[in-house]
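Understanding the architecture of this molecule
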Amino acid sequence: MMNSSSSKRIHFLSEQLANQIAAGEVVERPASVLKELLENALDAGATQVDVEVEKGGMVSMVVRDNGHGIHADDMALAISRHATSKIDSLADLEALFSLGFRGEALASIGSVSRMKLSSRTMESEHAWSIEAQGRGSVAQEFPATHPIGSSIEVRELFFNTPARRKFLRSEKTEFNHLEDVFKRAALSRPQVGFTLTHNQRQVHRYRARCAEEQIQRVTDVCGKAFAVELEAVDESLDEVSLRGWVSASREGRSSTDLQYFFLNGRMVRDKLIQHAIRQAYETMLPAGRHAAYVLYMELTASEVDVNVHPTKHEVRFQQSRKIHDFIVVALRRHLPVQVEQDSQALASEGQQVAELGGATYSLRKPVFASEHGQARYAAHVPNYAPPQPSQFTDGNRSSADEQRILTIIGGRFVLLQSNEHVRVLDSFYADQLLVKHELSALDATSSISSPLIFPVQIDLSTSQLALLESLHDVFARLGIIWEQVDEQRVRINAAPQILQQLDLQAWLQDILNRFVSDSATSKALITLMATAAMGKRRYLLNQTELGIVLRQLKEVVYGKDEHKALWLTLDSAALTRLMNLSP
Ligand code: ADP
Ligand code: MG
C-alpha cells in the first residue's frame, strides 16, 4: 500500500500511464485516431485505403491499406512508444517528408482502446496480428490472414478512460469530424484511392486519380459547386511552389469549410498562411464571407519546421515574410477584380453615404457584367452617367487629412468621405501621376528598385525588342532591370515599387507601341510612361494599399494644379446618379 510519504517519492510512470498521458495529446476523439491511422497508411505508400467505422467511430474503426506492411519482428515495436521506422536522427527530423514521426500514435491509441494490428509484407508468407487491450504490456504476435499491407482495428475507444469518453459528442458530430479528416487525406493524395463506410453504408468512394486528373479529386471531395468558378494556380519562386485551385467567386462562402492548404503533402492550418490568403482576397470578398481554396505548397523541407505543434497544424517557416508575400502575389494573379464586392459594400455603407446627401435612399444593387480575367480593370458601372462639371465643386477645398475610403466603384473610382464632402478619386489618374513623379525623381537622382517577387516575362516583336535595347540606359537609370530570355522574350527582374503595382507586361508593350523615335528626351519618355500606366494595375489595391496611395498623392501633388484633376466632389444629385441610388 502506498502511504502519503511514499507517494511523494520519485518513480517512473508505468508504461500504460505514460501512454495514456501521451494519448491525451494526440487522441482526442475518433477523428484524431483516424488521422493517425490514415497518415500511417499513406506513409506506408498505400495506393488504396479503406475506412470502415461504426457509430461515428466510437464503437469501431478499421483502416485497411495496401502499403508495404510491417515486418513480423517489428509488430510489437510498432505498437510500443517511441518506436518508429521513420527517423533515426535529428537530421532526419529536419528533412522530414513522412507524415508521422513521433512513434507514439499506435502506442497511445492502443492504451485507450482495444486495438488489433494485422500486417503482411511482400516477403512474408503470411500475415501477423498483434493486439493491445489498453494494457501497457504488449502481447505476442500470432499468425493471421491478410493481403500485403496493414489493417488496424480500433474498438471501444476510451473504454478504460471514462473521463475522456464523456467528452465525445453525438454519433453525427463525431462522424462529421471523421469525414473532415477523411476528406483532407483524400485531397492530400489524389493518386490514392479511398473509401469511407459508416454503419455498413459506403459514404464516399474516391477513385485514384493521376496527376492530370487531380481536379477530379478536388471536385469529388469539394462538390460541384466549388468547380464552377475555379481558377487554377501554378506559381513558383526559387524553392517554393504553389499549385491548386482557388474559387474566384465574389460572393465567397458563409463558412471556412472549403479551405484546404497542404504543405509538403501535409494539411496545415497556419496563421501566417491564412493571413496571406485573406490578404489576397481582401478587397474581393464582402465582410463575413470566406474564400474557398485547395492549395498545395511544396518547399525544401529544411525551410520549414513542422515539429511545432503536437497535432502539427501550425508550422514555422525560415523565411516567413517571403512565403507570406509569395502567397499574396501568387493568388492575386488568379483572382478577379472585385466588382461585385463593391456593390455589396455599397449596400452596407449606402445608408451612411446617402445621409450625406441629406436624404435617405434605398439602394438598388447594381448588376455587374464583368468577365474576370479579361479586361480586368475595365470600369463597368451600369447606368453610370459621366458627371457633368457643374455638379462638382472644386475638390481642393477640403483637407486631404480626414478622408475615409467608403468604397471602390467599378474597380476604378474610389469614393472618399472627408468632412462634409464625398469625393471621388479616379485611381487610374492617380497611378499616372504617381508614376510620373516617382520616375522623374528617379531620373534626377539614382534609382531605387527592388527585385520582383515574380520576374515578369514579356513577349515582344523584333522591332519592340530593338526599341527596348536602345532604351537600355534610360531604363536602368529608372531602376527597371531587364534581361533578354530569347529572341522574342525579355524578363523584368527588378523595378521601382510604384511600377510593381502595374501590370508590367501591358505597360511595357503600351510604351513600346506608343514610342516612335528613340531620340526622345527622358522627360518625354517619363510622360509617356506615366500615360501608359493608366489603368494598368496588376490587381485592385486593398484598403491599406489605397491608404498608402492617398498618402503618396498628398505628398506628391497636394496643392498643385494637377491635384485638382484627380478629384471630383459630389453634390447629392451627382452622388445619387453615380451610385445608381433610387429614392
Ligand atoms: P510513427 O508513425 O510516428 O512512426 P506510429 O505509432 O504511428 O508512429 O507507428 C509506429 C510504426 O509502425 C511506424 O513507424 C511504422 O513503421 C509502423 N506502421 C504503423 N502503421 C503502419 C502501416 N499502416 N503500414 C506500415 N507500417 C506501419
Ligand atoms: Mg504515425
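So, how was this worked out
- Residues numbered from 1 in each chain as written.
- Chains lettered and ligands numbered in written order.
- Predicted model: local features only at pLDDT ≥ 70, side-chain atom pairs only at ≥ 80, totals over all residues.
- Heavy atoms only, no water.
- Salt bridge = Lys/Arg side-chain N within 4 Å of Asp/Glu carboxyl O.
- Helix = DSSP H or I, 4+ residues; strand = E, 2+ residues; numbered from the N terminus.
- Buried < 20%, exposed > 50% of the residue type's maximum accessible area, 1.4 Å probe, protein only.
- Pairing = 2+ DSSP bridges.
- Axes fitted to C-alpha atoms, helices over the stretch in contact; angles between N-to-C directions.
- Contact = heavy atoms within 4.5 Å.
- Parallel < 35°, antiparallel > 145°, perpendicular 65-115°, else oblique.
- Left-handed = near helix turned anticlockwise from the far one by under 90°.
- Nonpolar A, V, L, I, M, F, W, Y, C, P; charged D, E, K, R; others polar.
- Phe/Tyr/Trp six-rings, centres within 6.5 Å; stacked < 30°, edge-to-face > 60°.
- Lys NZ or Arg CZ within 6 Å of the ring centre and 35° of its normal.
- Arc of directions from axis to C-beta.

This brings us to the pattern of salt bridges. Scanning the entire structure with this criterion turns up 17 salt bridges. A salt bridge links K322 to D238, with the shortest nitrogen-to-oxygen separation between them at 2.9 Å. In this pair, K322 sits in helix 11 (residues 320–332) while D238 sits in the loop between strand 9 (230–237) and strand 10 (240–247), placing the two residues 84 residues apart along the sequence. Put simply, D510 and R514 hold a salt bridge, and the shortest N to O gap is 2.8 Å. Highlighted residues: D510 and R514, both in helix 17 (residues 504–514), separated by 4 residues, approximately one helical turn. D510 gets classed as buried once you look at its relative accessible area, which sits at 15%.

What follows concerns the sheet that holds strand 4 (residues 127–132). Pairing in this open sheet of 8 strands is mixed, and the strands run 5-4-3-6-2-1-7-8 from one edge to the other. Unpaired on one side and paired on the other, strand 5 (142–144) and strand 8 (201–206) mark the two borders of the sheet. Averaged over all adjacent pairs, the angle separating strand axes in this sheet is 15 degrees, with direction ignored. In the sheet, strand 3 (residues 114–120) pairs with strand 6 (residues 149–155) via 7 bridges, with the strands oriented antiparallel. In the sheet register, S118 faces strand 6, and the bridge partner there is S151. Across the sheet, helix 2 (residues 30–43) touches strand 1 (48–54), strand 2 (60–65), strand 6 and strand 7 (193–198), and the angle it forms with strand 2 is around 10 degrees.

Taken N-terminus to C-terminus, the directions of helix 17 and helix 18 (residues 522–533) make an angle of 130 degrees; their axes are 9 Å apart at the nearest point. Taken together, the axes of helix 17 and helix 18 are oblique relative to one another. Note on packing geometry: the crossing formed by helix 17 with helix 18 is right-handed. For the pair helix 17 and helix 18, the contacting residues are W507, D510, I511 and R514 in the first and L528, M529, T531, A532 and A533 in the second. Its residues placed into classes, the contact of helix 17 with helix 18 shows 6 nonpolar, 1 polar and 2 charged.

What follows concerns the sheet that holds strand 13 (residues 293–298). Spatially, 9-10-13-11-12 is the arrangement adopted by the 5 strands of the open sheet, whose pairing is mixed. The strands lining the two open edges of the sheet, one partner per strand, are strand 9 and strand 12 (266–267). Set on the sheet, helix 7 (residues 171–188) makes contact with strand 11 (259–263), strand 12 and strand 13; between it and strand 11 the angle comes to about 50 degrees. Against the sheet, helix 10 (residues 271–281) makes contact with strand 10, strand 11 and strand 13, and its axis sits at roughly 125 degrees relative to strand 13, the strand it touches most.

All told, the structure shown has 4 aromatic pairs when counted by the stated rule. For the pair F262 and Y296, a centre-to-centre distance of 5.2 Å together with 15 degrees between the ring planes defines the contact as stacked. Of this pair, F262 sits in strand 11 while Y296 sits in strand 13; the two residues are 34 residues apart in sequence, bridging distant segments of the chain. The two residues F262 and Y296 agree in class, both being buried. An aromatic cluster is present here, built from F182, F194 and Y206 joined pairwise through their rings. In this structure, R114 packs its charged tip against the face of F159, placed 3.9 Å from the ring centre.

Okay, the environment of V233 next. For V233, the position within the fold is in strand 9. Take V233: its relative accessible area is 3%, and that puts it in the buried class. Taking the C-alpha atoms as reference points, V233 and L295, separated by 62 residues in sequence, lie 8.1 Å from one another. Apart from residues lying up to four places away in sequence, V233 is in contact with L242, R243, G244, V246, L295, L331 and H334.

Let's shift gears to helix 14 (residues 462–470). When we look at burial in helix 14, the residues that qualify are Q464, L465, L467 and L468. The arc that holds every buried residue of helix 14, seen down its axis, measures 160 degrees, which confines them to one face. Seen from the buried face of helix 14, the exposed residues on the opposite side, beyond 90 degrees, are T462 and S463. Against strand 21 (450–459), helix 15 (472–477), strand 22 (481–486), strand 23 (489–495) and helix 17 lie the buried residues of helix 14.

Right, let's get into the pairing of strand 10. Remark: a regular strand shows side chains that alternate across the two faces of the sheet. Burial analysis of strand 10 places 7 of its 8 residues in the buried class, the great majority of the element. In this sheet, strand 10 lies alongside strand 9 in antiparallel orientation, the contact comprising 8 bridges. Bridge pairing links E235 to L242 in strand 10. A loop of 2 residues connects strand 9 with strand 10, the two strands running antiparallel in sequence, and D238 in this loop sits at a positive phi of about 45 degrees. By the bridge criterion, 6 bridges tie strand 10 to strand 13 in an arrangement that is antiparallel. Across the sheet, the residue bridging to W245 is V294, located in strand 13.

Here we take up the packing of helix 2 against helix 7. Two quantities define a packed helix pair, namely the angle between the axes and the distance from one axis to the other. Across the interface, helix 2 lies against helix 7 with an axial gap of 8 Å and an inter-helix angle of 20 degrees. As far as their axial angle goes, helix 7 and helix 2 are roughly parallel. Regarding helix 2 and helix 7, the two cross each other, and that crossing is right-handed. Residues P30, A31, L34, K35, L38 and L42 of helix 2 form the contact with helix 7, whose participating residues are E174, H177, L178, V181, F182, A185 and S188. A per-class count over the contact of helix 2 with helix 7 returns 9 nonpolar, 2 polar and 2 charged.

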